[in-house]
Amino acid sequence: MAAQEAIIPVDALIQSDGYLSPHREHLNYRYYLYKEWVKKIQTTENGYDEFTRGYEKFGMHVVEGGIRYREWAPGVVEASFIGDFNNWDTTKNPMTKNEYGVWEVVVPNLPNGKLAIEHLSKVKISMKTPSGERIDRLPAWSKYVTQELEKSPVYDARFYNPPNPYKPKHKSPKIPKSLRIYEAHVGISSPEGKVSTYKYFTQNILPRIKYLNYNTIQLMAVMEHPYYASFGYQVTSFFAPSSRYGTPEDLKELIDTAHGMGMIVLLDVVHSHAANNVLDGINMFDGTDHQYFHGLPKGRHELWDSRLFNYGHHEVLRFLLSNLRYWINDYGFDGFRFDGVTSMLYHHHGIGTGFTGNYDEYFTGAADLEACVYLMMANDFMKKLYPNIVTIAEDVSGMPTMGRPVAEGGIGFDYRLAMALPDMWIKLLKEKQDDDWDMSNICFTLTNRRWREPVIAYAESHDQALVGDKTLAFWLMDKEMYDYMSDLTPLTPIIDRGLALHKMIRLLTYGLGGEGWLNFTGNEFGHPEWLDFPRAGNGNSFHYARRQFNLVDDNLLRYKYLNDFDAAMHRLEEQYGWLQTDQYVSLKNQGDKVIVFERGNLLFIFNFHATKSFESYRVGTNWPGK
């Protein structure tokens, strides 16, 4: 270890955070493992650039003389490429295998020179296991898969070769200094009870987001997932955008249009696990339980009933790192929100584990160093090949070094989600009367983050809107929203309080809670009720799987005031850039329920008292008087 310490630059981490000092050896070893993988990739693959182009080498591609199909399936003894093009005959297009378990075949062009496989034609790979079992799978690198629910819930892979592929018209904007993120789900973006589309989102939702002065869109549930109610977190086809919303070209147009409006677009990427599906997923792809994943039981997430990747395998790394590059290169995404990072970081996956902030909880044998190294490599290669990229970690554990550069031995994310903040607000609204709100505790929670490890603040996200919980607005105003949100009805005390606190909670969190801001679609105008996707338990209803933008468009309803306040907050941040500056809390007066702080050359004063207003309230500032 002494030899390693001489070459590993973790000193900067420890200088920034002295509590890391007792864990120098762990950090050194983690960095050493990362460097070993980088060296291996350089030696065997000629570096990141070649290694992360797997999507150009695997899957189906038009080449000179035909269509080449290539697949990694080391556990089988025979493979054939089948589909509509050869009447699903396993004898017509057999594949050959190399020493690395990669199978390949070229389907030659027809005598007239045309491709033998038509655009959108159905295809599969048919394989034989050592036991003689015949198994059919969808190509793991499929770029377009479709579902015909009236026939079967199982997806079909399609050969995707559009005659007129979409050509981007705009370059990606530079990453904003202050991220103001609008978290969105294409499928629920319409007020109508149906699955919405990329086209609808482009034409109707992008202008709304731009009007509100957001500069970043975070798209959920894009990677293909069979079960709509999974919110996109049970992925089967990692290289295919969900076909339930439209075509890949439609998604490219959405992203390009956003770029033309000056907004960047992030993908909610799911590399923490994969769906358990076999017939249309990558589980048991070659008949074994340990191809892309750890063998069972290690390779199964107990709570999610999904498969867990083996981040220490060369080909799994190629698959995942290439997946990130594919979404950047082919679609124009400007970065990623990595889902389920806590599950990746620890062998216990966060199950039954509470994190107190004690550093001994992070740097022990419980840490999954293979997953940590994968995340380091992901951040490292993206920043080197695409400097204009932003990455965000969804980590509830608060692991130190998450937001420090890989060059220092950190994991390399630009931001971590401040997941404690919405939990605090929901807990207050559920359990406390207004008079019992603790101003000091609120300020502590909002400012409790590590120096030089930026976080994205938010008062609520999709997690708080899901069935079983309620939006902030609905916690505040509940059933009165049905009867008293019209300007033609009395402004009841509950509605009056709810509108005020909705604005105050969001602005206080925005002003004090982090270095970026996130809002889930619809919450900007106080969307009522909750979010629930069609499923057997609700009669397959779309009633709660939609965003009721008609409410904010109705000028007689009070939702417009919340919407306008949201836009005003972003205009103010745009003008003063407080997310990029330091902050100073100068007053937490429990008796008066007043919070005062300075940030971005602005003085913020909040009065949370339920019954008292104040005139000529004296507060100290860092600015001298005249």
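Everything quoted here is computed from the prediction, not taken from an experiment. (Residues numbered from 1 in each chain as written. Predicted model: local features only at pLDDT ≥ 70, side-chain atom pairs only at ≥ 80, totals over all residues. Heavy atoms only, no water.)

Mean pLDDT over the protein chain works out to 96, with 98% of the residues at or above the 70 mark. Contacts from residues 1–7, a stretch scored under 50 in pLDDT, to residues over four places away or in other chains number 6 contacts. (pLDDT = per-residue confidence, 0-100. Contact = heavy atoms within 4.5 Å.)

Before going further, it helps to spend a moment on the nonpolar core. Counting residues in each nonpolar core, the largest one holds 174 residues, and the members touching the most others are Leu219, Tyr292, Phe338, Tyr374 and Trp425. If we ignore the near neighbours within four places in the chain, the residues touching Trp425 are Trp437, Ile442, Leu446, Ala459, Leu472, Ile505, Leu508 and Thr509. Counting residues in each nonpolar core, the second largest holds 12 residues, with Ile392, Leu417, Met419 and Leu518 among its members. (Core = buried A, V, L, I, M, F, W, Y, C linked by side-chain atoms within 4.5 Å. Buried < 20%, exposed > 50% of the residue type's maximum accessible area, 1.4 Å probe, protein only.)

Closest axis-to-axis distance for the helix α6 (residues 198–211)/helix α7 (residues 248–260) pair is 8 Å, and the angle between their directions is 20°. Judged by the inter-axis angle, α6 sits roughly parallel to α7. Note on packing geometry: the crossing formed by α6 with α7 is left-handed. In contact with Tyr198, Lys199, Phe201, Thr202 and Leu206 of α6, α7 contributes Asp250, Leu251, Glu253, Leu254, Thr257 and Ala258. (Axes fitted to C-alpha atoms, helices over the stretch in contact; angles between N-to-C directions. Helix = DSSP H or I, 4+ residues; strand = E, 2+ residues; numbered from the N terminus. Parallel < 35°, antiparallel > 145°, perpendicular 65-115°, else oblique. Left-handed = near helix turned anticlockwise from the far one by under 90°.)

Together, Leu603, Ile605 and Trp623 make up a nonpolar patch on the protein surface, roughly 270 Å² of accessible area in all. Note that Ile605 resides in strand β24 (residues 602–607). (Patch = residues over 30% accessible without salt bridge, like charges linked within 9 Å, V, L, I, M, F, W, Y side chains within 5 Å. Areas by Shrake-Rupley, 256 points an atom, 1.4 Å probe, with all protein chains shown as cover. Salt bridge = Lys/Arg side-chain N within 4 Å of Asp/Glu carboxyl O.)

The next thing to look at is the pattern of salt bridges. Any two side chains of opposite charge can pair if their charged atoms end up close together. Tallying each qualifying case throughout the model produces 38 salt bridges. The closest approach of N and O atoms between Arg53 and Glu56, which form a salt bridge, is 3.1 Å. Overall, Arg53 belongs to the partly exposed group, its relative accessible area being 22%. In this structure Glu56 comes out as partly exposed when scored by relative accessible area, which is 34%. Residue Arg506 pairs with Asp566 through a salt bridge whose shortest N-O separation is 2.7 Å. One end of the pair, Arg506, is in helix α16 (residues 493–512); the other, Asp566, is in helix α18 (residues 559–576), with 60 residues separating them in the sequence. Each member of the pair Arg506 and Asp566 is classed as buried. Residues joined by salt bridges that share partners form a network here, namely Asp49, Arg53, Glu56 and Arg325.

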